[in-house]
Amino acid sequence: MYTHNQLQQIANELRIDIIKAISRAKSGHPGGSLSAIDILVYLFFNEIKRTKENALDPDRHRFVLSKGHGVPALYAILARIGLISYEELMNLRVLGSRTQGHPSYLDLPYVEASTGSLGQGLSVAIGMALTAKIDKKSYRVYCMTGDGETQEGQIWEAILSAPKFNLDNLCVILDYNKSQIDGFTKDVMDLEPLKAKLEAFKWNVLEIDGHNFAEIENAFNIAREANGKPTYIIAHTIKGKGVSFMEDNVEWHGKAPNEKETELALQELQKLLVKNG
Amino acid sequence: MGKSTRLAFGETIAQLGEVNSNIVVLDADLSKSTMSSLFAKKFPERFFEMGIQEANMIGVSAGLALSGKIAYACSFACFITGRYDTIRISVAYTKANVRIIGTHAGIGIGEDGTTQMGLEDVSLMRSLPNFSVCQPCDEIETRELIKYSVEHNGPMYIRLTRQNVDKIFDDNYKFKFGKGVQLTDGNDAVIFATGALVAEAFKASNILKEKGYSLRVVNIHTIKPIDKEIIIKSAKECKLIFTAEDHNIIGGLGSAVAEVLSENYPAKIIRIGLPDVFGESGTPEALYKKYGFDAESLASRIETQLKQS
């Protein structure tokens, strides 16, 4: 197990990788990658404990990134684990690369599912959780969704269906960074009151600060103990977290920083490393 | 008259459930119509009633398949293929072992009318990379196709009828994926038929035989990948070329045959199907007569063309 300080350090290092990769690609989604990275780092290193050895084990814990545009964060983790090379990470979105702009299962099996057309990943995660139940396996299935995609009808079909099958091996994490392409989620299509809605749909619902490792750890611990019910973690996050000019700025949903902006962002992120280390 | 192909599917998948424990079946509140209920009764632990949630059902099927199952997702052809984007990304783009079972295909469903008829489903599914598209013509072919589908690697769309269809084959029939089946010999005209129209084309060949014409009937059960060889060979050997399907003439079997011939042996093709219109309510028999799908109409249309040629 990594300490929270170690995880914070890794997450901030990966923030640098994310910015570098998106900057080199000259396209990609920094806002939602930076908001998700703390939760993903905790999940991969302390919860599902993904390694080169267990990456394709049939009994591994699964993770589906339903908000496929946040994939630079996932690639950064896969590179850190050694499942892809650093060079591949930096070849994000380049012709012929396995690091496609959105997760492509056939190109890179470590992403577990092809996602990016929003609203679909949670259904796929439910299917995997059902398999674990049928086969009486102990692996768990995690799915990260975005707040914008939670507007999709299929997400609510999935939310309606998981409790029916008593999928206590399923855990959804909402990267609730409050904004999407056209603006703030509350203005585009408000989800609130979300917790009440999910509880009415019979989920075990937790609400946390998605950048606080103690809260993230506590939520995953509770989720593992949830008996008979799937768990939904509403993780409040900050879009673009770590880069001051990107934070809570809708403009940075799907835009790559230019050379100057990249330099500024990297300078800020470097300072976080020093501060933390 | 034989069974509907949906009933043959339900019976077969219920049998196969005994020999392959990886088979799982899902339905969206239509299990008594798609006949997946026969599997549900025998294997409740491997059957998932998804409610009226076709998109979620498809995604869940993809997840089951990606974690080792062979998932049969069942609903009416129009409803299930209507969730196209989910099929496209969750199933086709991942090559998941999902079999999309679309029953109640074509105007042959009858009285329920247009909203329940799968009329463009072949066109949709044919355009998805990694997908195979199959349509059996009778109960035996359905049984053999479903047996084959367990072994197939990659996504499949299987199109079935609500109405009963004539039995074309006997118990010795061997299904060969991707291969057309020549049912009658003839050189005046060839008709490439699929699904319920195979039986009508077969009967039409008998009607024409009595009038002194020979009609070659070729059953195309695998619309994608299509059997180019049998299409080109038959086109070369026959004076006129027809296609027949209970589907829009755009994007279905007719289009598939036209694509093969235009690239390999350019020839005039007459496509019989719904002429880019929606269906309507009526008995299956009345509808088949109105749209020229019954044996008499097919024979008469072919005879007219033969006289003109």
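Calculation criteria
- Residues numbered from 1 in each chain as written.
- Chains lettered and ligands numbered in written order.
- Predicted model: local features only at pLDDT ≥ 70, side-chain atom pairs only at ≥ 80, totals over all residues.
- Heavy atoms only, no water.
- Axes fitted to C-alpha atoms, helices over the stretch in contact; angles between N-to-C directions.
- Helix = DSSP H or I, 4+ residues; strand = E, 2+ residues; numbered from the N terminus.
- Parallel < 35°, antiparallel > 145°, perpendicular 65-115°, else oblique.
- Contact = heavy atoms within 4.5 Å.
- Nonpolar A, V, L, I, M, F, W, Y, C, P; charged D, E, K, R; others polar.
- Polar contact = N/O pair within 3.5 Å; in protein donor to acceptor, adjacent residues only side chain to side chain.
- Pairing = 2+ DSSP bridges.
- Buried < 20%, exposed > 50% of the residue type's maximum accessible area, 1.4 Å probe, protein only.
- Right-handed = clockwise from strand over helix to strand, strands pointing away.
- Expected span 1.5 Å × (residues − 1).
- Buried area = accessible area lost by both parts, 1.4 Å probe.
- Salt bridge = Lys/Arg side-chain N within 4 Å of Asp/Glu carboxyl O.
- Left-handed = near helix turned anticlockwise from the far one by under 90°.
- Phe/Tyr/Trp six-rings, centres within 6.5 Å; stacked < 30°, edge-to-face > 60°.
- Lys NZ or Arg CZ within 6 Å of the ring centre and 35° of its normal.

**Things to note about the packing of helix 6 (residues 153–161) of chain A against helix 4 (residues 54–66) of chain B**
- Across the interface, helix 6 of chain A lies against helix 4 of chain B with an axial gap of 8 Å and an inter-helix angle of 70°. The angle between helix 6 of chain A and helix 4 of chain B falls in the class roughly perpendicular. Contacts from A:Gln154, A:Glu157, A:Ala158 and A:Ser161 of helix 6 of chain A reach helix 4 of chain B at B:Glu54, B:Ala55, B:Asn56 and B:Gly59.
- Here the contact of helix 6 of chain A with helix 4 of chain B is built from residues that sort into two nonpolar, four polar and two charged.

**Section: unusual backbone geometry**
- Here A:Glu192 and A:Pro193 are connected by a cis peptide whose omega angle stands at -5°.
- Tracing the chain through its elements places A:Pro193 in the loop between helix 7 (185–189) and helix 8 (194–200).
- B:Lys224 connects to B:Pro225 through a cis peptide bond whose omega is -5°.
- Relative to the helices and strands, B:Pro225 is located in the loop between strand 10 (222–224) and helix 10 (228–237).

**Some points on the environment of B:Asp27**
Residue and element names in this part refer to chain B.
- Relative to the assigned elements, Asp 27 resides in strand 1 (residues 23–27).
- Taking the C-alpha atoms as reference, Asp 27 lies 9.0 Å from Gln 53; in sequence the two are 26 residues apart.
- Each residue touching Asp 27, except ones within four places of it in the same chain, is listed here: Thr 34, Ser 36, Phe 47, Phe 48, Glu 49, Met 50, Gly 51, Met 57 and Cys 74.
- One polar contact links Asp 27 to Ser 36, side chain to side chain, over a distance of 2.6 Å.

**Quick word on the sheet that holds strand 11 (residues 240–248) of chain B**
All names here are of chain B.
- Reading across from one edge, 7-9-8-11-12 is the order of the five strands in this open sheet, with mixed pairing throughout. For this open sheet the edge positions go to strand 7 (181–182) and strand 12 (270–274), each flanked by a neighbour on one side alone.
- Sheet contacts for helix 9 (residues 196–210): strand 8 (189–193), strand 9 (215–219) and strand 11; angle to strand 9, the most-contacted strand, approximately 165°.
- Set on the sheet, helix 13 (residues 295–308) makes contact with strand 8, strand 9, strand 11 and strand 12; between it and strand 12 the angle comes to about 155°.

**Examining the pairing of strand 7 (residues 231–236) of chain A**
All names here are of chain A.
- Burial analysis of strand 7 places five of its six residues in the buried class, the great majority of the element.
- Of the strand pairs in this sheet, strand 3 (residues 170–176) and strand 7 are connected by six bridges, and their pairing is parallel. Across the sheet, Ile 173 pairs through a bridge with Ile 233, a residue of strand 7.
- The handedness of the strand 6 (residues 204–209) to strand 7 crossover, carried by helix 9 (residues 213–225), is right-handed.

**A look at helix 11 (residues 253–264) of chain B**
All names here are of chain B.
- Taking 1.5 Å per residue, twelve residues should reach 16 Å; helix 11 reaches 17 Å between its end C-alpha atoms and fits that length.
- For helix 11, the full list of buried residues reads Leu 253, Gly 254, Ser 255, Ala 256, Val 257, Val 260 and Leu 261.
- Contacts from the buried residues of helix 11 go to helix 7 (121–126), strand 8, strand 10, helix 10, strand 11 and strand 12.

**Some details on the environment of A:Phe63**
Residues and elements named next belong to chain A.
- Position of Phe 63 among the secondary structure elements: in strand 1 (residues 62–65).
- Residue classification places Phe 63 among the buried residues on the basis of a relative accessible area of 2%.
- Residues Phe 63 and Ile 238, 175 residues apart in the sequence, show an inter-C-alpha distance of 22 Å.
- Those residues within four positions of Phe 63 in sequence are excluded, and the remaining contacts are Leu 40, Leu 43, Phe 44, Ile 48, Leu 74, Val 111, Glu 112, Tyr 142, Cys 143 and Met 144.

**A short note on the interface of chain A and chain B**
- Taken residue by residue, the interface counts 30 residues in chain A and 26 residues in chain B.
- Approximately 2100 Å² of surface area, both sides summed, lies buried where chain A meets chain B, with 58% of it carried by carbon and sulfur atoms.
- Between chain A and chain B we count one salt bridge in total.
- Measuring nitrogen to oxygen at the nearest pair gives 2.6 Å for the salt bridge that ties A:Asp135 to B:Lys69.
- Applying the counting rule to chain A against chain B returns 14 residue pairs in polar contact (both at pLDDT 80 or more).
- For the side of chain A that touches chain B, the element with the highest residue contribution is helix 5 (residues 121–134) of chain A, accounting for eight residues.
- Residues belonging to the side of chain A that touches chain B are distributed by class as follows: 13 nonpolar, eleven polar and six charged.

**What to know about the sheet that holds strand 2 (residues 141–146) of chain A**
Residue and element names in this part refer to chain A.
- Taken together, five strands build an open sheet; the order of strands is 1-2-3-7-6 and the sheet is parallel. With partners counted over all chains shown, the strands left at the sheet margins are strand 1 and strand 6, one partner each. Ignoring strand direction, the axes of neighbouring strands in this sheet form an average angle of 20°.
- Sheet analysis places strand 6 next to strand 7, joined by six bridges and oriented parallel. From the neighbouring strand, Val 205 faces strand 7, where its bridge partner is Tyr 232.
- On top of the sheet, helix 9 reaches strand 2, strand 3, strand 6 and strand 7; it is set at about 170° to strand 6, its chief contact.

**Here's the deal with the packing of helix 5 of chain A against helix 4 of chain B**
- It is the contact of helix 5 of chain A with helix 4 of chain B, at a shortest axis distance of 6 Å, that shows an interaxial angle of 50°. One element, helix 5 of chain A, and the other, helix 4 of chain B, form an angle in the oblique class. The element helix 5 of chain A and its partner helix 4 of chain B pack so that their crossing is right-handed. Listed contacts from helix 4 of chain B to A:Ser123, A:Val124, A:Ile126, A:Gly127, A:Met128, A:Leu130, A:Thr131 and A:Ile134 of helix 5 of chain A are B:Asn56, B:Gly59, B:Val60, B:Ala62, B:Gly63, B:Leu64 and B:Leu66.
- Broken down by class, the residue content of the contact of helix 5 of chain A with helix 4 of chain B amounts to nine nonpolar, six polar and no charged.

**Description of the pattern of salt bridges**
Residues and elements named next belong to chain B.
- Inspection of the entire model under this criterion finds 30 salt bridges over all chains.
- Put simply, Glu 144 and Arg 143 hold a salt bridge, and the shortest N to O gap is 3.0 Å.
- With relative accessibility at 15%, the residue Glu 144 sits in the buried group.
- Salt-bridge contacts for Lys 233 lead to Glu 237; the nearest nitrogen and oxygen are separated by 3.4 Å. Of the two residues, Lys 233 and Glu 237 both sit in helix 10, four residues apart, roughly one turn of that helix.
- Under the relative-accessibility criterion, Lys 233 is labelled partly exposed at 44%.
- Several salt bridges share partner residues, and in doing so they unite Arg 143, Glu 144, Lys 147 and Asp 171 into one network.

**Observations concerning the pairing of strand 3 (residues 70–76) of chain B**
Residue and element names in this part refer to chain B.
- Burial within strand 3 is extensive, with seven of its seven residues counted as buried.
- Note: strand 1 against strand 3, five bridges, orientation parallel. Opposite Ile 23, over in strand 3, you have Ile 70 as the bridge partner.
- Across six bridges, strand 3 lies against strand 4 (residues 98–103) in parallel orientation. Pairing of Tyr 72 across the sheet is with Arg 99, part of strand 4.

**Structural notes on the packing of aromatic side chains**
- A full pass over the atoms with the stated rule returns 15 aromatic pairs over all chains.
- Between the aromatic rings of B:Phe76 and B:Phe79, the centroid separation amounts to 5.5 Å while the plane-to-plane angle is 10°, which identifies the pairing as stacked.
- Through a chain of ring-to-ring contacts, the aromatic side chains of A:Tyr42, A:Tyr142 and A:Phe220 assemble into a single cluster.
- In this arrangement the basic side chain of A:Lys178 is found over the ring face of A:Tyr176, its NZ or CZ atom lying 4.2 Å from the centre.

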